[in-house]
Amino acid sequence: MSHLQFFHFGLMPYPHIPPGEEIESTWVTLSNSHYDPVEGHRLYNEYLDQSVLAEKLGYDGTCVNEHHQNAYGTMPDPNVMASHIIARTRKIRVGIIGNALPLHGNPLRVAESVAMLDVVSGGRVISGFVRGTGMEYHSTRFNPAFSRERFWEAHDLIIKAWTQPGPFEWRGKHYDIPYVNPWPVPYQKPHPPIWLPGQGSMETIGEAARRRYPFMMVFAPIAFTKLNYDMYRRAAEEAGYEPRPEQLAFCVGTYVAETDEKAHAEAKDHIMWLFHNGLKIPDYHWFPPGYVTGRSLRGMLMGKAKFNMKPHTELTYQELLDEQYVIVGSPQTVAEKLAIYTEELGAGIHVGAGMQVGDMPHWKVVKNMTLFAEEVMPHFRPPGNQPAWERGEPVPGAVQPDAVPA
Amino acid sequence: MSETASVADVPAQTIDVAGTPVALRRRGEGRPLLFLHGAGFTGRWLRFHEALAAGADVIAPEHPGFGATADQEWLEGFDDLVLHYDDVRGALGLDAPFDLVGYSLGGWIAAAYAVVYPERLRSLTLVVPAGLEPPVADPFAMLPEQLVATMFNDLANVGEVMVDPEDLDVAVHLYEEASTLARLVWNPRYDRKLERRLRRAACPALVVGAEHDRFAGDEQAERYAALLPAAHLERVPGTGHALVIEQPERTARVILDFIGGLA
């Protein structure tokens, strides 16, 4: 079977909220009076224990991300959580997937925080960059119509700050900084690997492919993921190279138990919380005007029609399984479904392996993570079932010598 | 649709404005009246336009990024639109003071123009203008049917402006218009400096309010009327924020009576 790297990913949800059908959205307008910090204390520490456990179980990496003002994922500052995980681990790679660049007034703060984490960890950081969801443009009132411009300008500024000696002056449309001169600079050279998680906007996929950044599809049906990978491959071809499997990632939650029946019985309710409650989001929150181009919107609407894609909240458990939004079953079943991603789609990174979802209790998460590591991972690894960081393999997205365009 | 709903179409013509192609419709005789549209109801000659054209030479350009005028890279804020509309004025040869009318978003643009170029105007008419305060309803956080329900108090004429949001081209065009709108008004959603600046627009002015505006808020029209040095407020009975569709002839009559009554 083909090779696959496995990244643990916890969203850190706050599950104690009213049912999806009773609220407008789990984001933006759901009152934070539902949040009990004593319960939050318990949850955060369980979630962080799970991230630390990923190293003991031999996962290739563990991931955190940035979301604001919602119950789906209570991680407004992913760098805080990454710092905690780094302090309690020695070797595992820590993916911040990612910092939402346009939602920050000064992107140098992101350059500084990620560089600090990279230096403290001795080069274990993967630096994902995202634009933030549409919902976060409602919450913050950063202008979604300038989101793409701000993202790429912030990206260019951060990469330059990490790779060119300072001080230098940055004169851009959105950022104007007289002395760019961050201390520290990153441990990894020329800079930490950059990943670009996305929802399928053509512009993001094209830019990711041109820059050889791993691109990740999040919570999408497998047919739509394939379409977006094909788009990535075409853009790579135009840039004169063939992408490696480590450039194509998919975020698909998995749950594995002794048998298929047991796995479904243990996982179903929690998975339904994620899709029917955690992802209860009206379209106007998802896609504020200007967040994507008209051209991208046309592509997405055509894709939705072609694959009959429903809103997350309307998907049944069976549809989530059939379209591989999630993978649930015995180790054999889960390995077979993952093999479709490696064999048919050519993907090389699985994010969300053994992930906690919804109101899944700690014991199930530990059991799921353990079984996944011991019974599923060996199907996709060289004999010995060692993680990439023990085998001495480069981090996916690490800048390779052949990355310079011919 | 009622009999009165059928209006002869006026096709858009394109004029060059400082290198920017601008789509505009024009009909009627008399003094030139420049009409600035709101964030919707673009791409057509409305009953409201037709009713205005009974008493004026109505010139109705479409803002960059709306209707058939392409979006422009240079458009980032209201200051760009103020200069753009002075270029439009120049391109149209409106050298003598003219009558400026703006609806909703167009009212905000007209007010922003009037405080910069007060000497260009013979009169200023703001129809349920935005711009002094944020809208009481968040236009970017509504389903299309909620938006209609908030803007209209009288749904009798709504069919005249209904489009099919299931049509891919329509959906993309509406999203693109909303994207231009977002660039202008996402943040901030009003101009806090406008309140003090309105004293500069000293020409005769009319503010046309709805009977009950659940979109822009009823107080906004009153604030405009109070802050403009020579303005009075008239409300059109039975209407909401979409009064130019709900009561097109009556709204136009209020405006024409005002303009016609000037010395």
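Residues numbered from 1 in each chain as written. Chains lettered and ligands numbered in written order. Predicted model: local features only at pLDDT ≥ 70, side-chain atom pairs only at ≥ 80, totals over all residues. Heavy atoms only, no water.

Engineer: Whenever I open this one, the interface of chain B and chain A confuses me. Can you help?
Structural biologist: How big an interface is tends to be stated in terms of the accessible area lost upon association of its parts. Taken together, the contacts link 21 residues of chain B with 24 residues of chain A. A combined buried area of about 1800 Å² lies between chain B and chain A, and 63% of that area is made up of carbon and sulfur atoms. Where chain B touches chain A, the interface holds two salt bridges. Between B:Glu76 and A:Lys173 there is a salt bridge whose closest N-O contact spans 3.6 Å. Our count for the chain B to chain A interface comes out at ten residue pairs in polar contact (both at pLDDT 80 or more). Top contributing element to the side of chain B that touches chain A by residue count: helix α5 (residues 168-185) of chain B, with ten residues. Classifying every residue of the side of chain B that touches chain A gives eleven nonpolar, three polar and seven charged. (Contact = heavy atoms within 4.5 Å. Buried area = accessible area lost by both parts, 1.4 Å probe. Salt bridge = Lys/Arg side-chain N within 4 Å of Asp/Glu carboxyl O. Polar contact = N/O pair within 3.5 Å; in protein donor to acceptor, adjacent residues only side chain to side chain. Helix = DSSP H or I, 4+ residues; strand = E, 2+ residues; numbered from the N terminus. Nonpolar A, V, L, I, M, F, W, Y, C, P; charged D, E, K, R; others polar.)

Engineer: Just checking my understanding: could you explain the sheet that holds strand β12 (residues 349-351) of chain A for this structure?
Structural biologist: In any sheet, the strands associate via hydrogen bonds between backbone groups, in a parallel or an antiparallel arrangement. All names here are of chain A. Around the barrel, eight strands lie side by side as β1-β2-β3-β4-β7-β8-β9-β12; this closed barrel has parallel pairing. For this sheet, the mean inter-axis angle between neighbouring strands, taken without regard to orientation, is 25 degrees. The sheet contact formed by strand β9 (residues 248-251) and β12 spans three bridges and is parallel. Note on β12: the bridge partner recorded for Phe 250 is His 350. (Pairing = 2+ DSSP bridges. Axes fitted to C-alpha atoms, helices over the stretch in contact; angles between N-to-C directions.)

Engineer: Which parts of the structure should I look at to understand α5(B)?
Structural biologist: For the α-helix, the turn length of 3.6 residues means that residues three or four positions removed from each other point alike. Taking 1.5 Å of rise per residue, 18 residues should cover 26 Å, and α5(B) covers 25 Å from first to last C-alpha, within 8% of that figure. Residues of α5(B) that are buried include every one of B:Ala171, B:Val172, B:Tyr175, B:Glu177, B:Ser179, B:Thr180, B:Leu181, B:Ala182, B:Arg183, B:Leu184 and B:Val185, and no others. Packing partners of the buried residues in α5(B) comprise α10 (294-306) of chain A together with α2 (78-92) and α3 (105-116) of chain B. Near the N-terminus of α5(B), the side chain that reaches the backbone nitrogen of B:Asp169, with its oxygen 2.9 Å away, is that of B:Asp167. (Expected span 1.5 Å × (residues − 1). Buried < 20%, exposed > 50% of the residue type's maximum accessible area, 1.4 Å probe, protein only.)

Engineer: Hey, could you run me through the pairing of strand β7 (residues 205-210) of chain B in this one?
Structural biologist: In regular strands, side chains alternate between the two faces of the sheet. Residue and element names in this part refer to chain B. In terms of residue burial, β7 counts as a mostly covered element, since six of its six residues are buried. The pairing of strand β6 (residues 121-127) with β7 spans four bridges and is parallel. When the sheet's bridge partners are listed, Leu 126 is paired in β7 with Val 207. Pairing analysis gives six bridges linking β7 to strand β8 (residues 231-236), with the strands arranged parallel. Bridge pairing in β8 links Val 208 to Glu 234. Each parallel crossover has a hand, and for β7 linked through helix α7 (residues 218-227) to β8 it is right-handed. (Right-handed = clockwise from strand over helix to strand, strands pointing away.)

In short, shape yes, function no, at least from these values alone.
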